Amino acid sequence: MKIEVFCGTGGVGKTTMAAARAISLAENQKEVLLITIDPSKRLKEILALTNDDAGIVKEVDLLENKLSVLLMSPEKTFQRMAQKHGRPEITQNRILKILAGPYGGLNEILSLIELNEQMQANYDVIILDTPPGSHFLDFLESSHKIKVFFDKSFVEIFQYLGKSVDYQHLNLGNKVMKFFVSSGVKKLLGYLKSVTGDIFINDFIEAIQAIYITQKSFLDATKVEEQLKDSEMTQWFLVTSVEQSKHKQALDIKSKAESYISNNSVCLVLNKSLKENLTSWEPQNNKLKEIKESFLKKENSLTAALKSQFSLFLSFPEIYSLDPINHIEVLKEKWNTNSIKGIL
Ligand SMILES: Nc1ncnc2c1ncn2[C@@H]1O[C@H](COP(=O)(O)OP(=O)(O)O)[C@@H](O)[C@H]1O
Ligand SMILES: [Mg+2]
């Protein structure tokens, strides 16, 4: 099984490109799962996804090809995980609900857990669309965060809570208060208790306990980190478009994700390239000729700068249509010819 990850800043075409790549592979008889994060409204329609499908793998027919598609939903992943550990009720915990909800701190970690689960199925290729820029970097860091979180000192607290706190009896606050007597946390919890009452403290302890109970899922997910770093298994596509500012952001992502993205595992994808169209354009007056030359010059210097930084480089044209289905269709064909050329 191979993983292909599409990353880059917002609006460069990651989701579109990932979908086109997925169809191209499906057309070449591969079993493909496309995991997408934030498709636009139209792209959701094209992929036959609704918010009700979030978190569930769906079989779709797209441009005459069969494809599995999953709209990532941290909430659903969390629910499944709780179920798996025999504790469905923990999804009702108010603190965990916030953490697993939109923009909650557990989102990236839950994405990693979901990816790990999907990797157990028999796909030839899993295509992973990622959130833009900084959220994507959070996603990469989440494996490290899990390890830090379950580091020895935390494990001791969890073990204490797991053994000594009887989940069925709601007198959790006092017991944990006793435990924290020797630590500075006592003062904080005492203060919180006086402000929020037992309920918050109980929710808090229950949340920590729930994470302890489900820790195997978290720790299993950290194994994905190794696979994402393995260039035999994972192909990274760093997507950018021809604007200068996007180019700088792409280089920024590359340097921040260096421990994952090595030179032989990343391919730069320059999207919305004007070169192809400009080259075949024969303007009839001087002003237009100047415009053509100036655009070409800009793109050539940008391409040269990017090529000096990336050993694998693919370029995809700007498509003059307002409907993303046309974008996907043209980009899919382009992926086919790129693959045939033996680049990937
Ligand atoms: N090569 C292209 N030519 C023209 N439009 C494109 C191209 N690639 C993507 N788009 C369009 O750009 C917009 C942003 O694409 P999207 O895939 O949602 O970007 P991202 O996921 O990086 O935020 C969409 O409307 C998409 O259809
Ligand atoms: Mg997107």
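Reading the values: rules and limits
- Residues numbered from 1 in each chain as written.
- Chains lettered and ligands numbered in written order.
- Predicted model: local features only at pLDDT ≥ 70, side-chain atom pairs only at ≥ 80, totals over all residues.
- Heavy atoms only, no water.
- Pairing = 2+ DSSP bridges.
- Helix = DSSP H or I, 4+ residues; strand = E, 2+ residues; numbered from the N terminus.
- Axes fitted to C-alpha atoms, helices over the stretch in contact; angles between N-to-C directions.
- Contact = heavy atoms within 4.5 Å.
- Near = heavy atom within 4 Å.
- Polar contact = N/O pair within 3.5 Å; in protein donor to acceptor, adjacent residues only side chain to side chain.
- Areas by Shrake-Rupley, 256 points an atom, 1.4 Å probe, with all protein chains shown as cover.
- Nonpolar A, V, L, I, M, F, W, Y, C, P; charged D, E, K, R; others polar.
- Donors = N, O, S within 2.8 Å, 3.2 Å for Na, K, Ca; no water.
- Buried < 20%, exposed > 50% of the residue type's maximum accessible area, 1.4 Å probe, protein only.
- Phe/Tyr/Trp six-rings, centres within 6.5 Å; stacked < 30°, edge-to-face > 60°.
- Lys NZ or Arg CZ within 6 Å of the ring centre and 35° of its normal.
- Right-handed = clockwise from strand over helix to strand, strands pointing away.
- Patch = residues over 30% accessible without salt bridge, like charges linked within 9 Å, V, L, I, M, F, W, Y side chains within 5 Å.
- Salt bridge = Lys/Arg side-chain N within 4 Å of Asp/Glu carboxyl O.

With respect to topology, 8 strands assemble into an open sheet ordered β3-β4-β2-β5-β1-β6-β7-β8, the strand pairing being mixed. One side of each edge strand has no neighbouring strand; the edge strands of this open sheet are β3 (58-62) and β8 (312-317). On average, each strand axis in the sheet is tilted by 25 degrees relative to the strand beside it, whichever way the strands run. Pairing of strand β6 (residues 234-241) with strand β7 (residues 266-273), which is carried by 6 bridges, proceeds in the parallel orientation. In the strand pairing of β7, threonine 240 is matched with leucine 270. Helix-sheet contacts for helix α15 (residues 286-307) involve β6, β7 and β8, and the interaxial angle to β7 is about 170 degrees.

Moving on: the site of ligand 1. The local shell around ligand 1 holds 16 residues, among which Gly11, Lys14, Thr15, Thr16 and His327 are the closest. Contact between ligand 1 and lysine 14: an oxygen atom at 2.8 Å from a main-chain N or O atom of the residue. For ligand 1, the accessible surface in isolation is 560 Å², of which the surrounding protein chains cover 82%. Counting only elements with at least two residues in the shell around ligand 1, the list comes to α1 (14-27), β7 and α16 (324-340). Its residues placed into classes, the shell around ligand 1 shows 5 nonpolar, 8 polar and 3 charged.

Here the magnesium ion (ligand 2) is held by the protein donor atoms Thr15 (OG1) and Asp38 (OD), which lie 2.1 to 2.7 Å from it. On the criterion of sequence distance, the pair formed by threonine 15 in helix α1 and aspartate 38 in the loop between β2 (32-36) and α2 (41-46) is long-range, its members being 23 residues apart. By relative accessible area, which is 41% here, aspartate 38 ends up partly exposed.

If you walk through the whole model with that rule in mind, you get 6 aromatic pairs. Ring centres 6.1 Å apart and planes at 65 degrees place the aromatic pair tryptophan 236 and tyrosine 260 in the edge-to-face group. Of this pair, tryptophan 236 sits in strand β6 while tyrosine 260 sits in the loop between α13 (244-256) and β7, placing them 24 residues apart in sequence. Ring plane angle 80 degrees and centroid distance 5.2 Å describe the contact between phenylalanine 237 and tryptophan 335, whose orientation is recorded as edge-to-face. Here phenylalanine 237, found in strand β6, pairs with tryptophan 335, found in helix α16; they are 98 residues apart in sequence, far enough to count as distant. Each member of the pair, phenylalanine 237 together with tryptophan 335, is buried. Aromatic rings pair up to connect Phe6, Phe237, Phe316 and Trp335 into one cluster. Stacked on the ring of tyrosine 260, the Lys or Arg lysine 229 has its end atom at 5.2 Å from the ring centre.

Here we take up the pairing of β6. In terms of burial, β6 is a largely internal element, 8 of the 8 residues being buried. Taking every second residue as pointing to the same face, both faces of β6 are buried, with Thr234, Trp236, Leu238 and Thr240 on one and Gln235, Phe237, Val239 and Ser241 on the other. For strand β1 (residues 2-7) and β6, the ladder comprises 5 bridges, and the chain directions are parallel. Each residue of the ladder has a partner; that of glutamate 4, found in β6, is glutamine 235. Once the chain exits β6 it traverses α13 before rejoining the sheet at β7, and the crossover so formed is right-handed.

So, on to a nonpolar patch on the surface. Taken together, Trp281, Leu288, Ile291 and Phe295 make up a surface patch of nonpolar side chains, about 320 Å² in accessible area. Structurally, the position occupied by isoleucine 291 is in helix α15.

On to the pattern of salt bridges. Under the defined criterion, the tally for this structure stands at 17 salt bridges. Between arginine 42 and glutamate 45 there is a salt bridge whose closest N-O contact spans 3.1 Å. Note that arginine 42 and glutamate 45 are positioned in helix α2 at a spacing of 3 residues, about one turn of the helix. Judged by its relative accessible area of 30%, arginine 42 is partly exposed. Taking the relative accessible area as the measure of exposure, glutamate 45 reaches 49% and is therefore partly exposed. Two residues, lysine 84 and glutamate 117, come together in a salt bridge whose shortest N-O distance is 3.1 Å. Within this pair, whereas lysine 84 is found in helix α3 (residues 74-84), its partner glutamate 117 is found in helix α5 (residues 107-118), the two being separated by 33 residues in sequence. Of the residues examined, lysine 84 reaches a relative accessible area of 52% and is grouped as exposed.

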